[in-house]
Amino acid sequence: MNLSKLSEILKTEPKYRFVQVNQAVFQDYISSWDEVSSLPKSLREQLAAVCPLEIKAEVYKNKNRHQSEKALITLADGEVIETVLIRQKEQRNTVCVSSQVGCALACQFCATGSFGFRRNLSAEEIIEQVVFWQRYLKTAGPEEKVANIVFMGMGEPFLNYPEFIKAVKFINNPETMNIGSRRLSVSTAGITEGIKRLAGEKLQINLAISLHAANDSLRATLMPIAKKYPLRDILAAVDSYINKTGRRVMFEYLMIKEVNDNEKDALELIRLMKKPLYLVNLIPYNPTGRFTPSTKERIEKFKKILEDNGVAVTVRLSFGADITAACGQLRGKR
Ligand code: SF4
């Protein structure tokens, strides 16, 4: 899909054409300009020639389990990104989008990090992932829509802040995709500049911090970026975000056997997390070849220690591991 020349083509057209085109592409999720019968034929032909709507994608799903599906989208320059659809009951479809091709942060538990950074995505390339799934769901029935979007795919969104926030505002705009900001979530490895900038946006987007360790030295072995952003600075940025927005912040904590799931880790975590509007989300680790996932029993025990000490905590159901589409497993591979 490439709409970069859209304004140029529509500049001699009456203003309402913009509305018609926006509605067709971002609300009706057309796949071909021929579907927009309200536009004159000559304009449709011009748009088809200059603003292609095709999204090159391959979808992977497990034949037996349909909970999550992964799409590999090939961009105009040949780079490949991943996006995931997580299907839940009552049309609660969630889409996980990438914000970069690859990632520079090299988190040790993450497949994306192991293949390095290639480039930032443009806002249009971020939006395109949602458009793809909206078109895909449209074929399943009129009530099937993308309900939630999480910026948790390939890349660190706050290292591509301008395009990330442009995409968020576009997705949220009632004149375009009209998906409420409360249905959008962004996860960061703790880029404090991004947390501060997000606090200044008048948006009710959900913020999550990839924490994964309760002290800087363990965190730095799992996430090299922790050397630049110590926990003290991240939590100060989060506290000021909460003061400014009054919004709850989620702390994601991957459960990795005998690395960060011991009793002493839980006790250390309590000291950091026992604050109003902090919520810890324990995530069963999806194996990427390096570590061993915590057992169910260890996760339950860890959770109980936090709960008993007054920390708000949940365990995330992990979808998609069967098609390597789960958290930390995205790397643009077939
Ligand atoms: S977990 Fe996120 S920030 Fe870390 S390497 Fe993977 S994509 Fe990058």
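The text that follows walks through the structure, step by step, so that each part is easy to find. Because the structure is a prediction, the values reported are computed rather than measured.

Basis of the calculations
Residues numbered from 1 in each chain as written. Predicted model: local features only at pLDDT ≥ 70, side-chain atom pairs only at ≥ 80, totals over all residues. Heavy atoms only, no water. Helix = DSSP H or I, 4+ residues; strand = E, 2+ residues; numbered from the N terminus. Rg over C-alpha atoms; globule rule 2.2 N^0.38 Å. Contact = heavy atoms within 4.5 Å. Areas by Shrake-Rupley, 256 points an atom, 1.4 Å probe, with all protein chains shown as cover. Buried < 20%, exposed > 50% of the residue type's maximum accessible area, 1.4 Å probe, protein only. Pairing = 2+ DSSP bridges. Right-handed = clockwise from strand over helix to strand, strands pointing away. Axes fitted to C-alpha atoms, helices over the stretch in contact; angles between N-to-C directions. Salt bridge = Lys/Arg side-chain N within 4 Å of Asp/Glu carboxyl O.

**Describing the overall build of the protein chain**
Across its full length, the protein chain carries 10 helices and 12 strands. Whereas a compact globule of 334 residues would reach a radius of gyration of roughly 20 Å, the protein chain reaches 21 Å, a difference of no more than 12%. In terms of overall dimensions, the protein chain has C-alpha extents of about 70 × 45 × 35 Å along its principal axes. The long-range fraction of contacts in the protein chain, counting pairs at least 24 apart against all pairs at least 6 apart in sequence, stands at 66%. Entry remark: accessible area of the protein chain is about 15600 Å², with carbon and sulfur atoms responsible for 50%.

**Points about the pairing of strand β9 (residues 206-210)**
Within β9, 4 of the 5 residues are buried, which leaves the element mostly enclosed by the surrounding structure. As paired strands, strand β8 (residues 184-188) and β9 are joined by 4 bridges and run parallel to one another. Paired with S187 across the bridge in β9 is A208. Regarding topology, helix α6 (residues 192-200) serves as the crossover connection from β8 to the parallel β9, and that connection is right-handed. The sheet contact formed by β9 and strand β10 (residues 249-255) spans 4 bridges and is parallel. Bridging from a neighbouring strand, S210 pairs with E252 of β10.

**Some thoughts on the sheet that holds strand β1 (residues 57-61)**
Across a sheet, strands are paired by hydrogen bonds formed along the backbone, either parallel or antiparallel in direction. Overall, mixed pairing links the 10 strands, which are arranged β1-β2-β3-β4-β7-β8-β9-β10-β11-β12 in an open sheet. Each end of this open sheet is capped by a strand with a single partner; those strands are β1 and β12 (313-315). Mean inter-strand twist for the sheet, computed between neighbouring axes without regard to direction, equals 25 degrees. Sheet topology note: the β10/strand β11 (residues 278-284) ladder contains 7 bridges and is parallel. Note on β11: the bridge partner recorded for E252 is N281. Lying over the sheet, helix α4 (residues 123-138) contacts β1, β2 (68-74), β3 (80-86), β4 (93-96) and β7 (146-151), oriented at roughly 45 degrees with respect to β3.

**Some remarks on the pattern of salt bridges**
Summed over the entire model, instances satisfying the criterion amount to 17 salt bridges. Linking E79 and R118 is a salt bridge whose minimum nitrogen-to-oxygen distance equals 2.9 Å. Taken together, the residues span a long stretch of sequence, with E79 in the loop between β2 and β3 and R118 in strand β6 (residues 117-120) at a distance of 39 residues. On the basis of relative accessibility, which here comes to 15%, the residue E79 falls in the buried class. Across the salt bridge formed by K275 and D239, the nearest N and O atoms sit 2.7 Å from each other. Separated by 36 residues along the polypeptide, K275 in the loop between α9 (263-273) and β11 and D239 in helix α8 (residues 231-245) bring together distant segments of the chain. Residue class for D239 comes out partly exposed when judged on its relative accessible area of 26%. Look at the salt bridges and you will find they share partners, linking D77, R119 and E125 into a network.

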